Structure formats: C-alpha cells, structure tokens
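So the chains spell out like this:
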Amino acid sequence: MAELRVLLVDDEPLARKGLRQALARHPDVVVCGECRDGREAVEAIRGQRPHLVLLDVQMPELDGFGVLREVGAEHMPAVIFITAFDTFAVKAFTVHAVDYLVKPFDDARFDEALARARQRLRAGEAAELGRRLADLLADAGPAPRPAEPPADRLLVRVGLRSVLVPVADIEWVEADDYCVTLHADGKAHVLRESLAALEARLDPERFVRIHRSAIVNVECIQEVHRPSPTEQVVVLRSGQRLRVSRSRREHLERRLGRAR
C-alpha cells in the first residue's frame, strides 16, 4: 500500500501526542484521525476506514474491548492494543497472538509492533485477524473486570537504585508525556507511567484529578481560590498553586464539600 492510514484512540492528550511523535518517524504513515474515547473511535472506524488502529484498552464509559464489540470483530481493521498494568489484557493478547504495547514503551518496541501490523496487512490476514479478535472477546466476557486494590506505595528509580514512595506522602502528581512526577515529602520523583494509568492505581477517596495534567491529594488541599469568575485554583499546604480545569470543578467541589 502507498500509505498506511492510522487512527489513534486514547483518552489522554499527552498519550496521543506521544503516539503521533512515534508515527512521525515513518514517512508512509498518515494519521487519519484522533479519538478521545470509545464512542468517537467507533464512529471514526466506520467513517474513516483506517488500515490500523492504535487502541487504548483503559478508557471511561466505552473501553477498547467495548469498541471491538460495537464495531464487530469481523469488521475491525488491524489493531495494536495499548494497555497499562492490565494483567488480564496482556495474557489475553498473548494467548490470541494479538499485537499490544504496554505503557510506557520505547521506540524499538513500538516499531516492532508496527512492522508486524504492516506484515499482516500485506499478507491480507483480515479473516484471520477477525477470528483472533472474536476469540479474544469471547475470553474477555461481557462483565467488567474487578479493579485491583489501590496502591499504598510506588517503586521509582533514583539514579542507579529504586526507592519506595509511600502513596500517603504524595502531595500532587504532574504529567509529563508518558511519565509523571510525584511531589512527595518535599521531593520530586519521576515515574515512567502515564497519568491515567497511575490514577487508576490510586485511591479515589484520597486523590482527585483536577486537570488533564495534575492529580492532587485532597488531604493536602488548604484553600480553594477563585481569582476570576472563570478561574479556580487550589492552594496546597506546601504553598503550591494548581489550576483546576472547568470540566473538573464540580467533581472537586463535591469531594471537598460545597461552601455554604
């Protein structure tokens, strides 16, 4: 084929940016669309008819398996699933010989998966791919999988060694592409994990997403300011000020309790 039409599906803008950058190294690739959730993905797959879909597994409302069910395994283009810390998904993909990437992944692993997808497309394995996806869905089952208990500590690299950071010590978390920075006990630790993946591992009773690039420990919030009618800022006990996005203000206020 003269060009490879690829659709990106991930609810994290920074994750989509990373995928675009990885694909930019391949001159014959054309990104034919980007989707923020499963519903958009279903429409784009039906309308854009991409050759390949880079599909995040963990998305709210309609996840990657939900997209597969909506479109139908027999009508899906080639797929590279993207997952983070999902033991069930990785085992299922391996059993059914379906391409997948575990976040965070490096350029070599990405290029390997892309090359395998190209080979299958050139070989015209559409029917075989549909069978594998149908078998994958049969194993996945209709019911959502139970969530793992929240993490109570995180393993991070510090130079040539690794240290355990107690989750209770984390004041806030900042996104940085496929990595995050943990601000804990006056120190900053870089963890190679996306913000969305880490959010899924944190206790929702203690941590709240206030922006697409920030999560805060509600116990560390000291004040909530409104510098203007359209702005909201939280001030943490350390003095750190963080902006709250408009779409997340109501959720934050519910968590903190509305001032009367």
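Refer to the structure above for everything that follows.
Residues numbered from 1 in each chain as written. Predicted model: local features only at pLDDT ≥ 70, side-chain atom pairs only at ≥ 80, totals over all residues. Heavy atoms only, no water.

Volume-wise, the second largest pocket comes out at about 480 Å³. Taken together, 25 residues line the second largest pocket, and the ones lying closest to its centre are Met76, Pro77, Ala78, Ala126 and Leu129. Going through the elements one at a time, helix H2 (38-48), strand S4 (78-83), helix H5 (107-122) and helix H6 (126-140) are the ones with two or more residues in the lining of the second largest pocket. Examining the composition of the lining of the second largest pocket, we find that 4 residues originate from one element, H6, more than from any other. Classifying every residue of the lining of the second largest pocket gives 14 nonpolar, 3 polar and 8 charged. (1 Å grid on protein atoms, 1.4 Å probe; cavity = no way out; pocket = protein on both sides within 12 Å on 5 of 7 lines; lining within 4 Å. Points joined across faces, edges and corners; volume = space filled by probe spheres on them. Helix = DSSP H or I, 4+ residues; strand = E, 2+ residues; numbered from the N terminus. Nonpolar A, V, L, I, M, F, W, Y, C, P; charged D, E, K, R; others polar.)

The next point concerns the state of the cysteines. Applying the stated criterion across every chain, the model contains 0 disulfides. This cysteine, cysteine 35, is not joined by any disulfide, and cysteine 32 carries the nearest cysteine sulfur, 8.4 Å off. Given a relative accessible area of 3%, cysteine 35 falls into the buried group. (Disulfide = S-S within 2.5 Å. Buried < 20%, exposed > 50% of the residue type's maximum accessible area, 1.4 Å probe, protein only.)

The subject of this paragraph is the sheet that holds strand S1 (residues 4-9). Across the sheet, which stays open at both edges, the 5 strands sit in the order S2-S1-S3-S4-S5 with parallel pairing between neighbours. Single-partner strands in this sheet number two, and they are strand S2 (29-35) and strand S5 (100-102). Within the sheet, the average angular offset between the axes of one strand and its neighbour, ignoring direction, is 20 degrees. Two strands pair when backbone bridges link them, and S1 and S2 are joined in this way by 6 bridges, in the parallel orientation. Bridging across to S2, arginine 5 finds its partner in valine 30. (Pairing = 2+ DSSP bridges. Axes fitted to C-alpha atoms, helices over the stretch in contact; angles between N-to-C directions.)

These values are about where atoms sit, not about what they do.
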